[in-house]
Amino acid sequence: MDVKLLVVIHAEEEFDWDQGFNASNTAVTHHHALIPFMGELIETGAKITLAMDYPFIESAGGRAVIAHCQKNEAECVEFAAHLHPWVNPPRSAEEQSATDFESYPCNLAPELEYEKISRLTERIHAVSGASPVTYLAGRYGYGPFTSDHLRALGYQVDLSISAYCDFSHQQGPDFSEYTNALFVENAIRHIPHTSSWLSVSKRVEKKANRCPAWCRTVKSKHVSRFLAKVLRLSRHRLSPEGNDLSQLQAITQAQMAIGQDVFVLSFHSPSLVAGMTPYVPTIKDCERLKNTTRCYIEWFQRELNGEIVLAKDMAVTQG
Ligand SMILES: [Zn+2]
């Protein structure tokens, strides 16, 4: 089986994830950690899809990352767009914070969602000279109008679907019936952020991964307790945030077992500095996260004979 991996970094500002969505949080100081770590990954054979949001592009730190990549790693890094609507113009001066509902770009009025993606796209072009073709909605907030906006703005690839995940309890989208299968809709290639169900029972794991609707049905009954406690059915994203190497390998193998051959490994850029995201309270946690990422990328290439690609390589026009 030929397998492909995308390494997607959500390149964004630093903020306290428990304190809501505030327009004044725009600092990017972790570029000192991001630049060398991207270099290390590229040295191990990785290509990186850098999904940048507005504060990242506007900051001196973000611009230092862009300049460094252009000078040293131009072939290995793709500049993509990542929309955090609460820090992305246009915004009225009086809105200092966004509610949970407004934090999902797909919940905004379609004209406003379009305008925000458009302003972000222009900014990426102005700073980097590149016209982004890959989009990642903040909080996976992809909605019914998003693909029209993306087409109008020259996008070809979307990374916003989060397989098996349901954010409707926070007024976000419900992807619980999506697997990681790639598909094309409205001329946009969708590559879901890889997630997987894992269980001590391989039969249950396979069933849950193959038929997400089944999983939903049983989860809604009291079987769910049995599934969680005895069969330890749990959902994991392919990310070093909250998973160790053996879990990332298990996610990959569980998905290969149902025929999935394209994978998205992702993390948030501030997770490279201790204390900046909930996943890395200490320096030790940061080191662990970086080590897990490196080891997984090496394993994917060495053991699975896998290829690392950029998101734009998967555009429909690329065949
Ligand atoms: Zn983000």
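Since we're looking at a predicted model, the values are computed, not measured.

### Some details on the environment of Leu198
Topologically, Leu198 is positioned in strand β10 (residues 195-198). Between the alpha carbons of Leu198 and Trp86 there is a distance of 34 Å; along the sequence they are 112 residues apart. Sequence-distant contacts of Leu198, that is, excluding residues within four places in its chain, are made with Glu205, Ser234, His236, Ala250, Ile251 and Ala254.

### Here's the deal with the nonpolar core
Membership of the largest hydrophobic core comes to 81 residues, with the highest contact counts inside it found for Val7, Ile48, Leu50, Ala51, Met52, Ala80 and Ala81. When near neighbours in sequence (up to four residues on either side) are disregarded, Ala80 contacts Thr49, Leu50, Ala51, Met52, Pro132, Thr134, Tyr135, Leu136 and Ala311.

### Description of helix α10 (residues 245-256)
Its 12 residues give α10 an end-to-end C-alpha distance of 16 Å, which sits within 8% of 16 Å, the value for a rise of 1.5 Å per residue. Turning to α10, its buried residues are Leu248, Ile251, Thr252, Ala254 and Gln255. Here the buried residues of α10 occupy an arc of 165° about the axis, which is enough to place them on one side. Packed against the buried residues of α10 are β10, α7 (202-210), β11 (234-237), β12 (262-268) and α11 (283-302).

### What about the domain arrangement of the protein?
When the domains of the protein are assigned, the result is domain 1 (4-194 + 238-248 + 261-318) and domain 2 (197-236). Here the side of domain 1 that touches domain 2 is composed, by residue class, of 2 nonpolar, 4 polar and 1 charged.

Reading guide: rules and limits
- Residues numbered from 1 in each chain as written.
- Predicted model: local features only at pLDDT ≥ 70, side-chain atom pairs only at ≥ 80, totals over all residues.
- Helix = DSSP H or I, 4+ residues; strand = E, 2+ residues; numbered from the N terminus.
- Contact = placed C-beta atoms within 7 Å.
- Core = buried A, V, L, I, M, F, W, Y, C linked by C-beta atoms within 7 Å.
- Buried ≥ 20, exposed ≤ 12 C-beta atoms within 10 Å, placed from the backbone.
- Expected span 1.5 Å × (residues − 1).
- Arc of directions from axis to C-beta.
- Domains from an automatic or database assignment.
- Nonpolar A, V, L, I, M, F, W, Y, C, P; charged D, E, K, R; others polar.

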